[in-house]
Amino acid sequence: MICAGDPVIRKDMAAEKRYYQIESWLKIPWLVHGFGQAGFDWDNLVEEFSSFFPVEMKQQHSEQVIFLESRPENEIKGDGLVTGTRGLLLVVKTADCLPVFLVDRTNQLVAAVHCGWRGTKEKILLRALEIMRKKSRSSEAELWAGFGPAIEQRCYEVGREVFEQFRQNGFRVEEIFQPGEKTGHFYLDLRKANLLLLTDEAGLSERNIFQVDLCTRCRSELFSYRRDRDNAGRLLNFIGLK
Ligand SMILES: [Zn+2]
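All residue numbers refer to positions counted from 1 along the written sequence of the respective chain. Two thresholds apply to this predicted model, a pLDDT of at least 70 for residue-level local features and 80 or more for giving and counting side-chain atom pairs, whereas whole-chain, interface and lining totals are computed over all residues. Processing note: side-chain calculations cover all non-hydrogen atoms of the structure and skip hydrogens and water entirely.

> Just checking my understanding: could you explain the nonpolar core for this structure?
Looking at soluble globular proteins, one finds that nonpolar side chains tend to be buried together. Among the buried residues, those of types Ala, Val, Leu, Ile, Met, Phe, Trp, Tyr and Cys that are joined through side-chain atoms within 4.5 Å form a nonpolar core. Per-residue accessibility, obtained with a 1.4 Å probe over protein chains only, is compared with the maximum for each type, and a residue is labelled buried under 20%, exposed over 50%, and partly exposed between these values. L102, F147, F166, F177 and L188 are the most contacted members of the largest nonpolar core, which has 44 residues in total. A helix here means a DSSP run of H or I that spans at least four residues, while a strand means a run of E at least two residues long, and both kinds are numbered starting from the N terminus. In terms of residue count, helix α3 (residues 124-136) provides more of this core than any other element does, seven residues in total. Any pair of residues with heavy atoms lying within 4.5 Å of one another is described as a contacting pair. Ignoring any residue separated from it by four or fewer positions in sequence, one finds L188 in contact with W117, Q153, Y156, V158, V162, F166, I176 and F177. If you look at the next biggest cluster of nonpolar residues, it comprises 30 residues, including L68, L90, V103 and V212.

Below, the structure is given as structure tokens:
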């Protein structure tokens, strides 16, 4: 299946780097970030960002977000990381789920969040924002969000139980679901669901939300669980403070 509005490599992405970046974020001297492609593995990450300490989580599809002040000593279980500490590289691994970065430009805080359907339904992005606000009183105007590649709506059919859980949690389901091919199934727009959380519930301006709008299932340089099942690798998405 081909996605609507078939994605092209936009000018603001540096494709030759093996990870996508948001062009306007490259002007921030204290920030590093990237949404990895399939060829960009852990060794590449460690080598290219050798002055950083990369932090990965044992991801659970939960709504757990952890604030890090220093290098963690033990394994971290959760799906979101926030830090204001220089030299930590926050990593989120995905294969269809939406990776989201948050940046507080004034107070120099960053977050990396794993937004699958379960975490999205539990509004994990709002939890990350809550932690950032508690630490620095970040205002909406100072916050930027960056959405990476993820499975797009036309490629992401889910069952009615998913639809029902979003409805129960107060999502505007008419905006994020379309009827599926199969009776009782729906196409879920994970990107839009998270966008609405930021604009409707957190008060961010759409102007401050940046998108690398590519479908993991349609593009061969990205990993997709729906396409590759158990053979799917994981894309490495990273953000940190220099
Ligand atoms: Zn697709």
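> For this particular structure, what's the right way to read the pairing of strand β11 (residues 143-147)?
Within a regular beta strand, the side chains point alternately toward one face of the sheet and then the other, so they alternate between its two faces. Summarising burial for β11: five of the five residues are buried, a large majority. Burial along β11 is two-sided: the residues L143, A145 and F147 and W144 and G146 are all buried. Pairing between two strands requires that DSSP report at least two bridges joining them. Pairing geometry for strand β9 (residues 98-104) and β11, over five bridges, is antiparallel. When the sheet's bridge partners are listed, L102 is paired in β11 with A145. Summarising the sheet, β11 and strand β15 (residues 209-211) pair through three bridges and their orientation is parallel.

> Looking at this structure, I do not really get the sheet that holds β11. What am I missing?
Paired through their backbone hydrogen bonds, the strands of a sheet run either parallel or antiparallel. Here we have six strands laid out as an open sheet, ordered β5-β7-β10-β9-β11-β15, and mixed in their pairing. Single-partner strands in this sheet number two, and they are β5 (65-68) and β15. Going from strand to strand, the sheet's axes swing by 15 degrees on average, the running direction of each strand aside. Helix axes are fitted only over the stretch in contact, all axes being lines through C-alpha atoms; the angle between N-to-C directions runs from 0 to 180 degrees. Here α3 sits on the sheet and contacts β5, β7 (80-83), β9, β10 (109-115) and β11; the angle it forms with β10, its principal contact strand, is near 165 degrees.

> I keep staring at a negative patch on the surface and nothing clicks. Help me out?
Negative charge collects at one region of the surface, where D41, D43, E47 and E48 lie side by side. When you line up the elements, E47 lands in helix α1 (residues 42-48). What makes a patch is a set of residues exposed beyond 30% relative accessible area and free of salt bridges, joined within 9 Å when like-charged and within 5 Å when nonpolar (Val, Leu, Ile, Met, Phe, Trp, Tyr). Using a 1.4 Å probe, the Shrake-Rupley method yields the accessible areas, and only the shown protein chains count as cover for residues. The salt bridge definition used is simple: a Lys or Arg side-chain nitrogen within 4 Å of an Asp or Glu carboxyl oxygen. Only four residue types enter the charge count: Lys and Arg as positive, Asp and Glu as negative, with His and the chain ends excluded. Lys charges are placed at NZ, Arg charges at CZ, Asp charges at CG and Glu charges at CD.

> What am I meant to see in the pattern of salt bridges here?
Side chains that differ in sign of charge can pair as their charged atoms come close. As enumerated under the stated definition, the model contains 13 salt bridges in all. R191 is paired through a salt bridge with E152; the nearest N and O atoms lie 3.1 Å apart. Here R191 is found in helix α6 (residues 190-201), whereas its partner E152 is found in the loop between β11 and β12 (157-159), with 39 residues between them in sequence.

> Before we go on, may I ask you to explain the pairing of β10 in this structure?
By the criterion of burial, β10 is predominantly enclosed, with seven of the seven residues buried. Here β10 shows a buried face lined by L109, A111, V113 and C115 and a second buried face lined by V110, A112 and H114. In the sheet, β7 pairs with β10 via four bridges, with the strands oriented antiparallel. Its bridge partner lying in β10, L81 is registered against A112. Bridge count between β9 and β10: seven bridges; the pairing is antiparallel. From the neighbouring strand, V100 faces β10, where its bridge partner is V113. What sits between the antiparallel neighbours β9 and β10 is a turn of four residues, in which Q108 has the positive phi angle 55 degrees.

> I'm lost on the environment of R86 in this one. Help?
By secondary structure assignment, the location of R86 is in the loop between β7 and β8 (88-94). For R86 and D189, which are 103 residues apart along the polypeptide, the C-alpha to C-alpha distance reads 34 Å. When near neighbours in sequence (up to four residues on either side) are disregarded, R86 contacts W30, Q108, L241 and K242. Within polar-contact distance, the side chain of R86 engages the side chain of Q108 at 2.5 Å. Under the rule applied, a polar contact is a pair of N or O atoms within 3.5 Å (in protein, one hydrogen donor and one hydrogen acceptor; residues adjacent in sequence only if both atoms are side-chain atoms).

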